[in-house]
Amino acid sequence: MIDDLENLLPIFLEESRENIEKCHEAFSQILQSPNRKTHLDNVARYIHTIKGSCGTFNLTEVRDQAHSMENLLHQYKDDVTQLNEEKINELRKELDKIDDMLFPETEVPENSQPLSTQVKATESNEFLRVPIDMVNKAINNVWEIFLLRNQLAYIFDLAKKEQISLKDLLMEWELLDVSLSRNISDIESEIMAMRMTSLKGLFSRLEKVVRSYLKDNDEKDIIISFRGEDVEVDKKVSDMLIEPLIHLLRNAIDHGIENKDERLKSGKSQKGKVEIVAESHADSILIKVIDDGRGIYAKKIIKKALEKGLIKDGNISSQEAIQLIFAPGFSTAEKVSDISGRGVGMDSVNTSVNQLSGKVKVDTTEGKGSIFSITLPLSVSVIYATVMEAGNRKFGVNINDIVEIIYSNCDEIKSNNGKKFLNFRGKFIDLIDLDYIFSLDTQNDSPSSEAYENCPIIVASCDDQQYALKVGKVGKNREIIVKPVPDLVPKWDYVEGMTILPTGEPVFIISLSKVIQAEKSKKFCKLGTQHAA
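Residues numbered from 1 in each chain as written. Predicted model: local features only at pLDDT ≥ 70, side-chain atom pairs only at ≥ 80, totals over all residues. Heavy atoms only, no water.

### Brief notes about the pattern of salt bridges
Heads up, the condition is: Salt bridges are identified by distance alone: a Lys or Arg side-chain nitrogen within 4 Å of an Asp or Glu carboxyl oxygen. Counting from the N terminus, the helices are the DSSP runs of H or I reaching at least four residues and the strands are the DSSP runs of E reaching at least two. Burial classes: relative accessible area under 20% of the type maximum marks a residue as buried, over 50% as exposed, and values in between as partly exposed (1.4 Å probe, protein chains only).
The tally for this structure, following the rule as stated, stands at 24 salt bridges. Taking the shortest distance from any N to any O, the salt bridge between Lys-51 and Glu-70 comes out at 2.7 Å. With Lys-51 in helix H2 (residues 36-54) and Glu-70 in helix H3 (residues 60-74), the pair connects residues that are 19 residues apart, well separated along the chain. Summarising the burial analysis for this pair, Lys-51 and Glu-70 share the class buried. Between Arg-211 and Asp-96 there is a salt bridge; the shortest N-O distance is 2.6 Å. Here Arg-211 is found in helix H8 (residues 200-216), whereas its partner Asp-96 is found in helix H4 (residues 85-102), with 115 residues between them in sequence. The same class applies to Arg-211 as to Asp-96, namely buried.

### Section: a nonpolar patch on the surface
What counts here: What makes a patch is a set of residues exposed beyond 30% relative accessible area and free of salt bridges, joined within 9 Å when like-charged and within 5 Å when nonpolar (Val, Leu, Ile, Met, Phe, Trp, Tyr). To measure how exposed things are, a 1.4 Å probe is used in the Shrake-Rupley method; for residues, cover is taken only from the protein chains shown.
Together, Phe-156, Leu-166, Leu-170 and Trp-173 line one region of the surface with nonpolar side chains, adding up to about 390 Å² of accessible area. By residue number, the principal contributor to the nonpolar patch is helix H7 (residues 166-195), which donates three residues. Judged by its relative accessible area of 60%, Leu-166 falls in the exposed class.

### Here's the deal with the packing of H3 against H4
Keep this limit in mind: Fitting a line to C-alpha atoms yields each axis, with helices limited to the stretch in contact; the angle taken between N-to-C directions then spans 0 to 180 degrees. Working rule for angles: under 35 degrees goes down as roughly parallel, over 145 as roughly antiparallel, 65 to 115 as roughly perpendicular, anything else as oblique. Crossing handedness: left-handed means the near helix sits turned counterclockwise from the far one by under a right angle, and right-handed means the same turn made clockwise. Two residues form a contact once any of their heavy atoms are found within 4.5 Å.
Axis separation between H3 and H4 bottoms out at 10 Å; the angle between their running directions is 165°. One finds that H3 runs roughly antiparallel with respect to H4. Considering how the two elements wind past one another, H3 and H4 form a crossing that is left-handed. Listed contacts from H4 to Glu-61, Val-62, Gln-65, Ala-66, Met-69, Leu-72 and Leu-73 of H3 are Leu-91, Glu-94, Leu-95, Lys-97, Ile-98, Met-101 and Leu-102.

### As for helix H15 (residues 512-520)
Every α-helix carries 3.6 residues per turn, so stepping three or four residues along brings you back to the same face. Taken together, the buried positions of H15 are Leu-512, Lys-514, Val-515, Ile-516 and Ala-518. Taken from the residues just after H15, Lys-522 is the one with a positive phi, measuring 60°.

### With respect to H2
Rules: Here the expected length of a helix is defined as 1.5 Å per residue gap, with one fewer gap than residues.
Given a rise of 1.5 Å per residue, 19 residues ought to cover 27 Å, and the 28 Å separating the end C-alpha atoms of H2 matches this to within 8%. Turning to H2, its buried residues are His-39, Leu-40, Asn-42, Val-43, Tyr-46, Ile-47, Ile-50, Lys-51 and Cys-54.

### Digging into the sheet that holds strand S8 (residues 382-390)
Rules: Here the rule is simple: two strands pair whenever DSSP picks up at least two bridges between them.
Pairing within the open sheet is mixed, and its five strands lie in the order S16-S8-S9-S18-S17. Edge positions in the sheet fall to strand S16 (473-481) and strand S17 (495-500), since each of these pairs with one other strand and no more. With strand direction ignored, the average angle separating the axes of adjacent strands in the sheet is 35°. Inspection of the sheet shows S8 paired to S16 by seven bridges, in the antiparallel sense. By the bridge assignment for S16, Met-388 is matched with Val-474.

### Remarks on the sheet that holds strand S6 (residues 359-365)
Read from one edge to the other, the open sheet built from five strands follows the order S2-S4-S5-S7-S6, with strand pairing classed as mixed. Among the strands making up the open sheet, the edge pair consists of strand S2 (221-227) and S6. Put simply, the sheet's adjacent strands are angled 15° from each other on average, direction ignored. Where strand S4 (residues 271-281) meets strand S5 (residues 284-291), eight bridges bridge the pair, whose relative direction is antiparallel. If you follow Glu-279 over to S5, its bridge partner there is Leu-286. Seen against the sheet, H8 touches S2 and S4 and runs at an angle of roughly 180° to S2.

Next up, the structure:
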């Protein structure tokens, strides 16, 4: 019986999360739709479903809270017109209590009930709710692949018995390979579609962050709105987006949005506005966190960076100064709070987004507000990559990291103060020799300019600047599956995963921007040397 409960608990949690999200959606509809009673009835039904399942798992506190919320909803059953924005927010807070009980954001205390601990532990498991027709399509493709495998085995058996010629074998093999490739491509698309999920649930959690913040900060009045809730992304991307987006939202409401009096003095409405926007672009997704707050003051950033020793010279551009907010431990907060001030938020955002092979961009206007933009691939499992060689090793590089691939000549390369530069389209850009820095032979001197004659150069971008990266060879683009680096393998900041080439060779997938950052900061650690990421 206990084993059955352990198997059913994840399903209950997944269904409860869905029902909580549906409640929030229905609350929004109550304020917008003329058919308000229908949406209120839907909320009551979702809450009743949660309450009814709690008894199975002895979740008495959750059951009692759900019952209390049912009583509140019943007050408005005969007169839905009483439900204004203020009362809807009160109902949302009651719903948040259920959410917090089922999905606590903090560590569960040691004296908690065993089943509550089990709820917390089970939440880390991943589950997908998939329409049966999608599963059936995938199964049909598996059957097709099975038949094709039998056909391949049959023609090879004929070849072994010399009942068909080598020419006929190759022709049959080529035809079957085309069918096999098509079926594999189809099943890949179907499985990837199963992994896709909308951003509604994520946005609902962000809305809860603002409600929770305003409970303890009545000197501020903040409205949050969303666009693009129906945009779908890989579930892994959605799960990993939670942390960086919560940090960005907290930064906007705590650092960005001014208090009511300050906003009125500056000629603004006392209600601060934060908008989360999601847009789908081909194979990527763009998410923006927009606020109409005080913006980021470059001079203040530079002053704090000098105090912390992050920079030695304050003579840097405003854009360079703003990028410093992503430095580890950096914070301009005057006091430490539960929301901010410890200097871990923006660094965490940058790290999380980089792990997803994404990029963060900041646009800000002093006194007007800020826009934080995150660009991510829709899926992090399968990418298009270029296989290159550097230091006699093969690496995979996401093609989105590459601006252009060229072949240089000696006349285009110049040296100055021990550094090399490439004349790229009339502009000299830094040249980094990946062949040299990835070489395990540390005794070799840096190569002369003559060594760069007709060698492949990858032009990549980092912090809005272009860099030339000299490599040994560049292979063709291919679709690869990215796998995590095994736990026993040492971690390097610029390694994002691994893949297996058709030859059977395992290769690292590296981030060119992180390689550039590590080389610029003189913190580059070669593969083969111990280094914890």
